[in-house]
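Analysis of the macromolecular model
These are the residues of each chain, in order.
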Amino acid sequence: MFYKYCSKSNSFLFFVLAFTKALESVFVAYIVGRYINLAQTKSYQGLFSLSLLSVGGILVFTLLNFGYQKVRAALLKEVNVTFKNDLVAYLLGTDNELQLDVSYLTNDLKQLETARIEGQLNITIYALEFLTALIAALVGNFLLTLVYFLTSLLPVALQRLFQKKIKANSVAWQESNSTYTAKIDELLKNITVVKLYDVRKLFSTKMEKPIVGLEEALRKMKAYIGYTNEIVVGTALITTIIIPFLLGVYLTMQHQITLGVFLMITQLSNSFTNPLMSILSTLNTLKTTDPIYQKYLTAKDTLQTPDLPTAPNFDSLALKQVSYKDLYHGLDLQVAKNEKILWTAPSGFGKTTLFDEIQPEIP
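Residues numbered from 1 in each chain as written. Predicted model: local features only at pLDDT ≥ 70, side-chain atom pairs only at ≥ 80, totals over all residues. Heavy atoms only, no water.

**Some remarks on helix α4 (residues 142-189)**
It helps to recall that an α-helix has 3.6 residues per turn; residues three or four apart then point in one direction. For α4, with 48 residues, the first-to-last C-alpha span of 69 Å sits near the 70 Å given by 1.5 Å per residue. Taking the largest bend as the criterion, α4 deviates by roughly 35°, centred on Q163. Capping of α4 at its N-terminal end is provided by N141; its side-chain oxygen lies 3.3 Å from the backbone amide nitrogen of L143. (Helix = DSSP H or I, 4+ residues; strand = E, 2+ residues; numbered from the N terminus. Expected span 1.5 Å × (residues − 1). Bend = angle between axes of the 7 residues up to and from the residue. Polar contact = N/O pair within 3.5 Å; in protein donor to acceptor, adjacent residues only side chain to side chain.)

Here it is in structure tokens:
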């Protein structure tokens, strides 16, 4: 998780501010319920007080959300710095057996940030939104909330039921596309010969089957996806609107709940069903980054210092009347132990050549 790669203080602040951000939807739903109940009592004084509470509450949540965004950005920065520093240390300390290249250190790491780390941050806020909204709705009315929750899961289960067939249609389309691409490539490579020997009709007939196959596979895939969406949407309209509204209106008519509570739970239902769906979707996205993340973990766990040649031990170095081609003429140089000398000269003046010449002489 992201908190392993950043400071504990930022992690703690993020969880706190994410919790306050999640409470915003509960506050808004509560205000909506209060407004509906006030409309029935015709209390103008209560309407003014509630409006002040609403504006004040929204301002407070807005300020807290500024803090949430600031801490989230700082946390992402910390995680990214940690990742990059670890990988640089790996490159400097090993022979790069993982063959990390520029693409991994830029594009793949960006993918790790956007799809994995930000995904984990989003899952955190989704989970808090789900819990706070569900608890608030349960407090309003347990039975109605339970019906909203269970009926919202049915369309999701139904969609997952059709996923296998959708995947099979997708694979069939990909195979047809590969066949079509291969035939097009063959045609382009031989287009001159086809025209020269006037066998265009033969190749046209040869291309007809992969073209029709590709478009038929695409038609089946799109049609099945469309049918699935219509079934899921139709089911969702019945299960998430008709059934809960039937129960909610009945409970309101029986004076077991107020109209305001009914509408509050209705609004909160979106705040505990949508985040749940988002969590499932984000988890699937996280899986796509597993190979990138595993490579990072391997690099991080295999940090080591490469075998470097031992520096020679000498007491002093003396050069007297050294000449080399046209570069040096009668050069004298004396270097004591642990002494450092900076030798500067333009490119091509023989700095490297001199070093290569004296290096074998060092014991």
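**A short note on the nonpolar core**
If you look at the biggest cluster of nonpolar residues, it comprises 27 residues, and the most contacted ones within it are F14, L75, V79, F83, L87, Y104 and Y296. Among the secondary structure elements, those contributing two or more residues to this core are α1 (8-41), α2 (44-93), α3 (102-140) and α8 (290-301). If we skip the residues at most four places from it in the chain, L75 touches F2, C6, N10, S11, F14 and L121. Counting residues in hydrophobic clusters, the runner-up holds 20 residues, among them F130, A133, L251 and F262. (Core = buried A, V, L, I, M, F, W, Y, C linked by side-chain atoms within 4.5 Å. Buried < 20%, exposed > 50% of the residue type's maximum accessible area, 1.4 Å probe, protein only. Contact = heavy atoms within 4.5 Å.)

**Comments concerning the packing of aromatic side chains**
Throughout the structure, instances matching the rule amount to 11 aromatic pairs. Here F14 and F15 contribute two aromatic rings whose centre-to-centre distance is 6.0 Å and whose plane-to-plane angle is 70°, an arrangement assigned as edge-to-face. Measuring from ring centre to ring centre gives 6.1 Å for F162 and Y224, while their planes differ by 70°; the resulting arrangement is edge-to-face. Taken as a pair, F162 in helix α4 and Y224 in helix α6 (residues 200-253) lie far apart in primary sequence, 62 residues in all. Members of the aromatic cluster, joined through ring pairs, are Y5, F83, Y293 and Y296. Its end group placed over the ring of Y293, R116 keeps NZ or CZ at 4.2 Å from the ring centre. (Phe/Tyr/Trp six-rings, centres within 6.5 Å; stacked < 30°, edge-to-face > 60°. Lys NZ or Arg CZ within 6 Å of the ring centre and 35° of its normal.)

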